[in-house]
Amino acid sequence: MKPLSNRVLLVEDNPDDLELARLAFERGRFARNVDVARDGAEALDYLFGRAAADPPQVVLLDIKLPLVDGIDVLRRVKADARTRHIPVVMLTSSAQDRDLHACYELGANSYIVKPVDMEQFLSAVNSIGLYWLGLNLTDQHS
């Protein structure tokens, strides 16, 4: 398994949520590099293409995406030996039980419903950064 970088892959098609997430990471100084995919196909190209040799430390993945939805992206990432070790945090507006259940069944590491309030959204993304990029230890040798 390749060691994880200090990069985050943010998979988000909503421009407002994208900018708020970037702002939260800048404020928290957690990730020097936040790479963005604006649809599921772009996320898959990123993870299985250019990031294969240097995977992100965490993927923040929305469910409702154009081209390939987030649940299918998660399914493909967790089914492949090259990428299944990458933590995937579902950051979505969906609070539906079927989505929550499907994501955990497929191996999501966390499921967070996006807060509607801007300050709560910033706080949620900041907490994600604190945990996944600061506190969580990864096994670099498995």
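Definitions and cut-offs
Residues numbered from 1 in each chain as written. Predicted model: local features only at pLDDT ≥ 70, side-chain atom pairs only at ≥ 80, totals over all residues. Heavy atoms only, no water. Helix = DSSP H or I, 4+ residues; strand = E, 2+ residues; numbered from the N terminus. Buried < 20%, exposed > 50% of the residue type's maximum accessible area, 1.4 Å probe, protein only. Contact = heavy atoms within 4.5 Å. Pairing = 2+ DSSP bridges. UniProt positions renumbered as here; feature names shortened; annotations may be inferred. pLDDT = per-residue confidence, 0-100. Axes fitted to C-alpha atoms, helices over the stretch in contact; angles between N-to-C directions. Right-handed = clockwise from strand over helix to strand, strands pointing away.

Visitor: It is not clear to me how the overall build of the protein should be interpreted in this structure. Could you clarify?
Guide: Scanning the protein from terminus to terminus reveals five helices and five strands. Reading the secondary structure of the protein in the N-to-C direction produces β-α-β-α-β-α-β-α-β-α. When the 142 residues of the protein are sorted by exposure, 49% land in the buried category. Taking as baseline every contact in the protein between residues at least 6 positions apart, the subset at least 24 positions apart corresponds to 70%.

Visitor: For this particular structure, what's the right way to read the pairing of strand β3 (residues 58-61)?
Guide: As a general feature of sheets, a regular strand has side chains that alternate between the two faces. Of the two faces of β3, the one carrying V58 and L60 and the one carrying V59 and L61 are both buried. When strand β1 (residues 7-11) meets β3, the two strands line up parallel, connected through four bridges. Considered in β3, the bridge of V11 is made with L61. Pairing analysis gives three bridges linking β3 to strand β4 (residues 88-92), with the strands arranged parallel.

Visitor: Would you explain the UniProt feature "modified residue: 4-aspartylphosphate" (unreviewed entry) in the protein in this entry?
Guide: Annotation from UniProt places "modified residue: 4-aspartylphosphate" (unreviewed entry) at D62. Note that D62 resides in the loop between β3 and α3 (70-79). Using a relative accessible area of 4% as the deciding quantity, one classes D62 as buried. Not counting residues within four places of it along the chain, the set of residues in contact with D62 comprises V11, E12, D13, G70, M90, L91, T92, S93 and K114.

Visitor: Would you mind showing me how to read the confidence of the model for the protein here?
Guide: Parts of the model with low pLDDT should not have their predicted coordinates read in detail. Looking at the protein, pLDDT values average 84 and 82% of them are 70 or higher. Here helix α5 (residues 118-135) is the element of the protein with the lowest mean pLDDT, 71, and α3 is the one with the highest, 97.

Visitor: Can you walk me through the sheet that holds β1 in this structure?
Guide: Backbone hydrogen bonds hold the strands of a sheet together, and the pairing may be parallel or antiparallel. The strand order across the open sheet built from five strands is β2-β1-β3-β4-β5, with neighbouring strands paired in parallel fashion. Sheet topology places β2 (33-37) and β5 (110-113) at the edges, where each strand pairs with a single neighbour. Between one strand axis and the next, the sheet turns through 20 degrees on average, direction left out of account. On top of the sheet, helix α4 (residues 97-105) reaches β4 and β5; it is set at about 155 degrees to β5, its chief contact.

Visitor: Even after reading the chapter, I still don't get the pairing of β5, so can you show me in this structure?
Guide: Strand direction decides the pairing type here: β4 and β5, joined by four bridges, are parallel. The residue bridging V89 from the neighbouring strand is S110, located in β5. At this point the chain moves from β4, through α4, to the parallel β5, and the crossover so formed is right-handed.

Visitor: Help me understand unusual backbone geometry in this model?
Guide: Residues apart from glycine generally show negative phi values, whereas peptide bonds are mostly found in trans. Phi angles above zero are rare outside glycine, and L67 is one such case at about 70 degrees. Residue position: L67 is located in the loop between β3 and α3.

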